[in-house]
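The chain contents come next:
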Amino acid sequence: MNREGYLKVIDNLTPRADFRVIARWVEPGSSVLDLGCADGSLLALLGEELDVRGYGIEINDAGVLEAARKGVNVIQQNLEDGLRLFEDQSFDLAILSQTLQTIHQTAAILRETVRVAREAIVSFPNFGYWAHRMSVLSGRMPVSRSLPYQWHNTPNVRVLTIRDFEALAPETGIQILDRAVLHNGATIGWGQNWRGSLAVYRVTRAR
């Protein structure tokens, strides 16, 4: 099966639109580090369909156990300590899939991510999405498919928009290579910061 065939299989296997975008930026046979890998679903999918060699870092006990059950090589650590385990450019690709908004040391983690890997993929819910803005204007924190938690039980410690990330990137020594903005699985072509609920970036260390 050629690469396009593999990607069609991945499209059929996963309902997550960001996973489908990520798969298009992953080279078959590459080495991948998934930061905050949760239950290992993404690495298991990439390993089976694109023959990637990967490790996941996850702190949650249930996630670690489920990832191991899927055959994923998983290290139970917080991201700060887990990234210190790896030398520069240890991987072809590092992935922060809807993890960025859950960490405190955002800039430091981004720098470490592009240190340990040649390229990185970062995805996050876009707080600038129009329905999120309207919710805040009405006096309530937004709850949506991309931000599914109530304010009192959310794992998110940061909220950011597409413009926020693109302003932060050069400050942390990151060069943006590509971007996809989505809503309900569809790619948004214009008005992305207010029409898109999920952003996915391919980045590298700035030269």
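Structure: see above.
Worth saying up front: this structure is predicted, and the values here are computed from it rather than measured.

A look at unusual backbone geometry
Within the chain, Ala38 stands out as a residue other than glycine whose phi angle is a positive 55 degrees. When you line up the elements, Ala38 lands in the loop between strand S1 (31-35) and helix H3 (41-50).

Observations concerning the environment of His183
As for its placement among the helices and strands, His183 is situated in strand S6 (residues 174-183). The class for His183 is partly exposed, based on a relative accessible area of 22%. Each C-alpha atom of the pair His183 and Tyr129 lies 9.2 Å from the other, and the pair is 54 residues apart in sequence. If near-sequence neighbours (up to four positions away) are discounted, His183 is found in contact with Tyr129, Ile188, Arg195, Gly196 and Ser197. A polar side-chain atom of His183 sits 3.3 Å from a polar atom in the side chain of Asn184. There is a polar contact of 2.8 Å between the side chain of His183 and the side chain of Ser197.

A closer look at the layout of surface pockets
Its volume calculated, the largest pocket comes out at about 1,100 Å³. For the lining of the largest pocket, the element with the most residues is helix H2 (residues 17-24), which contributes four residues. Broken down by class, the residue content of the lining of the largest pocket amounts to 18 nonpolar, 19 polar and eight charged. In this structure, the second largest pocket encloses a volume near 190 Å³. The wall of the second largest pocket is formed by 14 residues, among which Met141, Trp151, Thr154, Asn156 and Val159 lie closest to the centre. Of the residues in the lining of the second largest pocket, the class split is ten nonpolar, three polar and one charged.

Quick notes on the rules
Residues numbered from 1 in each chain as written. Predicted model: local features only at pLDDT ≥ 70, side-chain atom pairs only at ≥ 80, totals over all residues. Heavy atoms only, no water. Helix = DSSP H or I, 4+ residues; strand = E, 2+ residues; numbered from the N terminus. Buried < 20%, exposed > 50% of the residue type's maximum accessible area, 1.4 Å probe, protein only. Contact = heavy atoms within 4.5 Å. Polar contact = N/O pair within 3.5 Å; in protein donor to acceptor, adjacent residues only side chain to side chain. 1 Å grid on protein atoms, 1.4 Å probe; cavity = no way out; pocket = protein on both sides within 12 Å on 5 of 7 lines; lining within 4 Å. Points joined across faces, edges and corners; volume = space filled by probe spheres on them. Nonpolar A, V, L, I, M, F, W, Y, C, P; charged D, E, K, R; others polar.

No statement about biological role is implied by the geometric values presented.
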